[in-house]
Amino acid sequence: MKQIINGLGIHSAISPHGVVQITGTNGKGLCARQVEADLIASGRDVITLISPHMTTFRERVRLNGCPISREMLGDIVESIANGLDSLRVREIPPTPVEIAFLVALRLRINRGLETCLVIEAGCGGATDYTNVFNRTIVGLTRIGRDHLDLFQDLIALTREKVGLSNSGGILVSVNQLTEVKDVIKRECESRNIKIEWLVIHPDPNLSPHMQAWRENQALANRLSQLVVTQNWKLGNVDRRDPWRFETRQIGGRSFILDGSHNPDAIQLLLNSLRTLHLSGWTGIFGIQVRKLYVEVVELVLRSGIFKKLILVQGCRGDFVSPKRLSQLIDVPFFCANSMRNAIAHCLTTGDDNIVVFGSFSLAYDFERALHELGLGNAAIPADDIDPHQPWMKSL
C-alpha cells in the first residue's frame, strides 16, 4: 500500500499527527463515529474512513460527519485516475476498500494535513491496508471470535490486531478476555508500545446493547482526548445509528433492523429483543459465508424467540444460500431468496414484530426493496442508493 501511496504522490497524507486508528472485532464502527463526533465538537476538521457502506459507496469516506458528496468523490477520483489506471497491470490491483482509503488520503491533502483522520481498520491489523502510519494512536475494541475464519486461533487474531500499533505509539484498549489481555501485554512490552486499559463497570440498568455502546463510547472519548489535549469536548452520536437496533414502521408492521453478524453481536441482539417482552418474533435472516454462520444459527435457535425465519440471500457479498441455511434450522421457515419477497411475505401474512439481521449488507437490499414495493416513504431516498455494480460484490 505504501508503494501505491508513493506512486500517487499522496505520501504526505500519512503524517501521523491527528490520526486515530480503531481495530478489534466488535464495535469499531460505533467507536469511530464517536471519535469523529468528539473531534468535530472540539472544532477540528475530520475525515473518517468507515465500513461497510450500506447504500452508497460514499458512506465509506465521511467529512465532518457526512458522506462526501458525489462531486467531491468525482473530483478526487479524477485527480488520481491516471495513477490508479497504471495500477491495473499489477498482479493484485487495488480493491474498492483500498480505493476508499486512497480517496480519504487525497482528501486530507486537499483539506490540509492539520485535518484529523479517523480510520476504522479492516479485518486485519498488522497486515491491514491501513497500516501505513508510524507512532499513531490506536484504539482496540473488544476482541471476540469474529474473523477467526481468517486466523488460526484467538491468540493469532489478537496478535494481528495489536500489530496495527508500532514502536512509540499508544494503544488504548477496553477490558478483554484474560487470554487476549495476556497477548496484548506481551506484544506491547516487546515492541515498545504504551498501553492504556479502560475498565467500564457494567450498569445493571442498561440493556446489553447499551452496555456495549457505553464501553465503546468511553474508548472513543479517551482516543479523542489524546488527539485534542486542550479544548476537548464530547460530541453527540445518535445511539440508534442506522441498522443498529433501528426501528421502523412499515405497512402497519414493526421492523427492527440490525446489522449484527457475529456470535457476540447476535447474542447482544437476542438479549435486547428479550427486554422488549414481546413474543413470536419473525426473523428475516441472511449472513455471509465468511462469518461464523453455523454458530450464529445455533444461537438464534437456542434463543427460542423466533416463531419463523425468512431466509434471504443478499446481492452484495458472498451470502450463504437459503437452501443451505434451511438445512441448519428446526423452526418454520420460508426461503424468500430476495429481500423484496421477504418483506412482501411479512406484509401479506400478518407477521408482526419483525427483525432483519445477519449482515449490514442487507441494508442495500432492504432500502431498494421498499422502493420496488411502492413503500419509498419508509425508505431512504432512492437517489442515495447506489445502483448494483459487479465490482462492488467483493465489498
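Residues numbered from 1 in each chain as written. Predicted model: local features only at pLDDT ≥ 70, side-chain atom pairs only at ≥ 80, totals over all residues. Heavy atoms only, no water.

### What to know about the packing of helix α8 (residues 263–274) against helix α9 (residues 293–303)
And step 1. Look at α8 against α9: their axes get within 9 Å of each other, and the N-to-C directions meet at 15°. What the angle tells us is that α8 and α9 run roughly parallel. In this structure, α8 crosses over α9, and the sense of that crossing is right-handed. Packed against α8, whose contacting residues are P263, I266, Q267, L270 and R274, the element α9 presents E295, V296, L299, V300 and S303 at the interface.
And step 2. When its residues are assigned to classes, the contact of α8 with α9 shows six nonpolar, two polar and two charged. (Axes fitted to C-alpha atoms, helices over the stretch in contact; angles between N-to-C directions. Helix = DSSP H or I, 4+ residues; strand = E, 2+ residues; numbered from the N terminus. Parallel < 35°, antiparallel > 145°, perpendicular 65-115°, else oblique. Left-handed = near helix turned anticlockwise from the far one by under 90°. Contact = heavy atoms within 4.5 Å. Nonpolar A, V, L, I, M, F, W, Y, C, P; charged D, E, K, R; others polar.)

### Details of the sheet that holds strand β11 (residues 281–285)
And step 1. On the basis of which strands lie adjacent, the open sheet formed by six strands has the order β9-β10-β14-β11-β12-β13 and mixed pairing. The sheet terminates laterally at β9 (244–250) and β13 (333–337), the two strands that pair on one side only. Between one strand and the next, the sheet's axes are offset by a mean angle of 20°, whatever the strand orientation.
And step 2. In this structure, β11 lies alongside strand β12 (residues 306–312), joined through five bridges in parallel fashion. The residue bridging W281 from the neighbouring strand is F306, located in β12. (Pairing = 2+ DSSP bridges.)

### Overview of the packing of aromatic side chains
And step 1. Inspection of the entire model under this criterion finds six aromatic pairs.
And step 2. With 6.4 Å between their ring centres and 70° between their planes, F101 and F133 make a pair best called edge-to-face. Separated by 32 residues along the polypeptide, F101 in helix α4 (residues 96–111) and F133 in the loop between β5 (116–120) and β6 (137–140) bring together distant segments of the chain. The exposure classification of F101 matches that of F133, with both residues buried.
And step 3. One aromatic cluster is present, built from ring pairs that chain together F101, Y129 and F133.
And step 4. For K181, the ring lying beneath its charged end belongs to W197, and the centroid distance is 4.8 Å. (Phe/Tyr/Trp six-rings, centres within 6.5 Å; stacked < 30°, edge-to-face > 60°. Buried < 20%, exposed > 50% of the residue type's maximum accessible area, 1.4 Å probe, protein only. Lys NZ or Arg CZ within 6 Å of the ring centre and 35° of its normal.)

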